[in-house]
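An overview of the molecular structure
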Amino acid sequence: WPLVGTPLCAARATKVATHGRQTDSASKMDIDRGDPGRAPAGGEAPPARPGAPVPGARAGGGPPPQLVRGVNEEPASERRRRGDSGDARHGVAQQLECAKECLPPCLDHEVEIIIPDALNYQVGQTVRSESKIVGNFKFKILVFPCGTHTTQGQQVSAFVEADTPAEFDPRWIFHGVKYQVAIVNWLDYRNSVYKVDTWTFSKDGIDRGWHDMVRTAHLSQESGWLGPNNTLCVRAQCYVRQADGININSDNYNTKRETGYIGLKNHGATCYMNGLLQTLFHVGEFRKIVFSIDCETEQEMEKEQDGSISKLPSSQTIDEEGKAPSLIQALQNVFFKLHSSDQAVDCKELMRSFGWDNTDAFTQHDAQELNRILCDRLEEQMKGTSMDGSIKKLFEGEMENYIQCVNVDYASKRNETFYDIQLNIRSERGNELRSIEESLEEFTAEETLDGDNLYEAEGHGKQAAKKGIRFLRFPPVLNLQLKRFHFDLEKMDMVKLNTRFEFQKRLDLSQFVPEAGSYVLYAVLVHSGDVNSGHYYAYIKPDRQAGWLKFDDDSVTPCSEYAAVDDNYAGSDLSIWNYFDRTPRELRGVQVPVRPRIHNAYILVYIRE
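We now turn to the structure provided with this report. What you see is a predicted model, and the numbers here were worked out from it, not measured in a lab.

The next thing to look at is the side chain of glutamate 400. Within the fold, glutamate 400 resides in strand β15 (residues 397-405). At 2.4 Å, the side chain of glutamate 400 and the side chain of arginine 470 are in polar contact. Once you skip the residues sitting within four places of it in the chain, glutamate 400 turns out to touch Lys413, Arg414, Asn415, Gly468, Ile469, Arg470 and Leu472.

So, on to the nonpolar core. Buried together is how nonpolar side chains tend to be arranged in soluble globular proteins. Met273, Phe286, Phe335, Leu350, Ile391 and Phe395 are the most contacted members of the largest nonpolar core, which totals 51 residues. Core analysis: the second largest hydrophobic core is formed by 39 residues, Met399, Leu423, Leu480 and Tyr539 among them.

In this structure, aspartate 117 takes a positive phi of about 50° despite not being glycine. In this structure, alanine 570 is a non-glycine residue whose phi angle is positive, near 75°. Position of alanine 570 among the secondary structure elements: in the loop between α12 (561-564) and β30 (572-574).

As a further point, take the packing of aromatic side chains. Evaluated as defined, the whole model comprises 25 aromatic pairs. Seen in terms of ring centroids, tyrosine 179 and tryptophan 210 are 5.5 Å apart; in terms of plane orientation they differ by 50°. Their pairing is tilted. With tyrosine 179 in strand β8 (residues 172-183) and tryptophan 210 in strand β10 (residues 207-215), the pair connects residues that are 31 residues apart, well separated along the chain. As far as burial versus exposure is concerned, tyrosine 179 and tryptophan 210 are alike and both buried. Aromatic side chains tyrosine 579 and phenylalanine 580 sit 4.6 Å apart centroid to centroid with 35° between the ring planes, which places their arrangement in the tilted category.

Here the focus is the pattern of salt bridges. What the rule picks out here adds up to 23 salt bridges. Salt bridges linked by common partners bring Lys100, Glu110, Glu112 and Arg235 together as one network.

Our next topic: the layout of surface pockets. Each pocket or cavity is described by its volume, and for the largest pocket that value is around 470 Å³. The element best represented in the lining of the largest pocket is strand β21 (residues 465-473), accounting for three residues. Its residues assigned to classes, the lining of the largest pocket shows three nonpolar, five polar and seven charged.

Going through the model one piece at a time under the given rule, you end up with three cavities of 30 Å³ or more. By volume, the largest cavity amounts to about 100 Å³. Secondary-structure elements contributing two or more residues to the lining of the largest cavity are α4 (271-281), β22 (477-483), β26 (518-529) and β33 (599-608). For the lining of the largest cavity, the residue count by class is ten nonpolar, three polar and no charged. Estimates place the volume of the second largest cavity at around 40 Å³. As for the second largest cavity, its lining consists of Gln368, Asn371, Asp420, Asn479, Leu480, Gln481 and Ile603. Of all the secondary structure elements, the ones that give two or more residues to the lining of the second largest cavity are α9 (367-381) and β22. A per-element tally of the lining of the second largest cavity places β22 first, with three residues. Taken together, the residues of the lining of the second largest cavity sort by class into two nonpolar, four polar and one charged.

Direction vectors running N to C along α4 and α9 enclose 50°, while the axes themselves pass 9 Å from each other. In terms of their interaxial angle, α4 and α9 are classed as oblique. α4 and α9 meet at a crossing whose hand is right-handed. Across from Tyr272, Met273, Leu276, Leu277 and Leu280 in α4, the residues of α9 making contact are Ala367, Leu370, Asn371 and Leu374. Tallied by class, residues from the contact of α4 with α9 come to eight nonpolar, one polar and no charged.

Analysis parameters
Residues numbered from 1 in each chain as written. Predicted model: local features only at pLDDT ≥ 70, side-chain atom pairs only at ≥ 80, totals over all residues. Heavy atoms only, no water. Helix = DSSP H or I, 4+ residues; strand = E, 2+ residues; numbered from the N terminus. Polar contact = N/O pair within 3.5 Å; in protein donor to acceptor, adjacent residues only side chain to side chain. Contact = heavy atoms within 4.5 Å. Core = buried A, V, L, I, M, F, W, Y, C linked by side-chain atoms within 4.5 Å. Buried < 20%, exposed > 50% of the residue type's maximum accessible area, 1.4 Å probe, protein only. Phe/Tyr/Trp six-rings, centres within 6.5 Å; stacked < 30°, edge-to-face > 60°. Salt bridge = Lys/Arg side-chain N within 4 Å of Asp/Glu carboxyl O. 1 Å grid on protein atoms, 1.4 Å probe; cavity = no way out; pocket = protein on both sides within 12 Å on 5 of 7 lines; lining within 4 Å. Points joined across faces, edges and corners; volume = space filled by probe spheres on them. Nonpolar A, V, L, I, M, F, W, Y, C, P; charged D, E, K, R; others polar. Axes fitted to C-alpha atoms, helices over the stretch in contact; angles between N-to-C directions. Parallel < 35°, antiparallel > 145°, perpendicular 65-115°, else oblique. Left-handed = near helix turned anticlockwise from the far one by under 90°.

The structure is reproduced here in structure tokens:
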């Protein structure tokens, strides 16, 4: 039966779990039948006194995982034993209704293992489930059916174990993974034991769970902890908030040595500027243009309107740190240091060239606006030189606005240029757009002017007409801004749209301009947060033959392609949700809880093949 409908009331829940697709009833198992006297791989918590339950992780150290209880801490089985329903026969019927066979199928981020002959295992002997992938976090359930040596075989022990591919950097890390482990009761799944915690998985902390799930002395078919053929059933699910990263909390990590590149210092709230500067610096042709400008022959820069980040000073502007340099000279200095320095680069000189003070450094501006100002100022400074027009050749495209009458031979056309294309995430009609192609099709969709909305054609009066936009040419470097910040007419306020929007690593634009050809994804500028606060960082592929790098202020780290691309589509992720305290009837029509993915692509940069 489907799990869709209205949100579940969690007042009776003891902890939260998630939704997904059904798996085989008997999962594939990887059984370790090694020396029963050895400690399991990964280590264990310190031994406890005999007979004492031992919570905590197998490996990784830190405080033991905690079982988070619900509003009513009295076990469901005890409430049913007291006959709260007022009808014992009704309780028996409910118990039959909640047998293991009636348990919902595994959720999309959940895995199940069925362990036959669970009583035949020895202390310290392990069995693993098949792997499950959530995002790009691959994990298994690790079970000790007869317990770990720590519990002296008195408790069934179960853990979530990361199962990362061999090609991962050995310093891989998954921050803040929330997980749930449950031992399922075959007679009445509402009696199942489930525990929840959060852990940062890494090579040194590869598994996490509990030594004390169910007492081995209670394992029997009569108690419900074992099913037919003495089978034990364990389920686990994970909520992974972000893709893999690299653990650089070490004095040995050197950005320049590891990647060949360095970062930019954050001076308060300048992460948006840092991300933009890195994307521009690694476009070789743009870097060549910046270095080609002769600052000694620059004309005095004009003051722009107040209240904008484009407010640039005259050459006489002075601050407490001395005379502010020209924008071009400051940008050249930053680029030179990015190329030659071994340490993160200071951007204060460039900020002073904007006319900023310390207050401006703590004010987050828009990366797209800054990009336009930089390009306009560079173009202005190159007028009359051999590089005049080079910025336009690199970033400028052209489109045509047209109105074509249907019944008479009349058309109105107007061409305009662009340095970036702003793509809707939500259409003008309120529909969610799911990809670059869908958004471009909506951008170029033809509108019919008829009825009360006829077009006033010069010399022909009011006429039915077709209105639209068509692209004439795309630039070599294509900037796409995703319009995630949207004014909500119901809330009368700006909101951030976190709906899923996919973008390809290779983009074919020939359907919009026949000779446009294909473009390759070069950079992804990410915004993490909401409309009022957030953080910018960039994923860049400086060398097409090499891998992706993450530029996060002064940090530069290698990353997976999934982290750079797929993980920034936005959308929602299934949250941890407990369904064990609900009957099938109560679960019917219930929507599994999800969490929005608040880190997502804001600007995409493609380069023509």
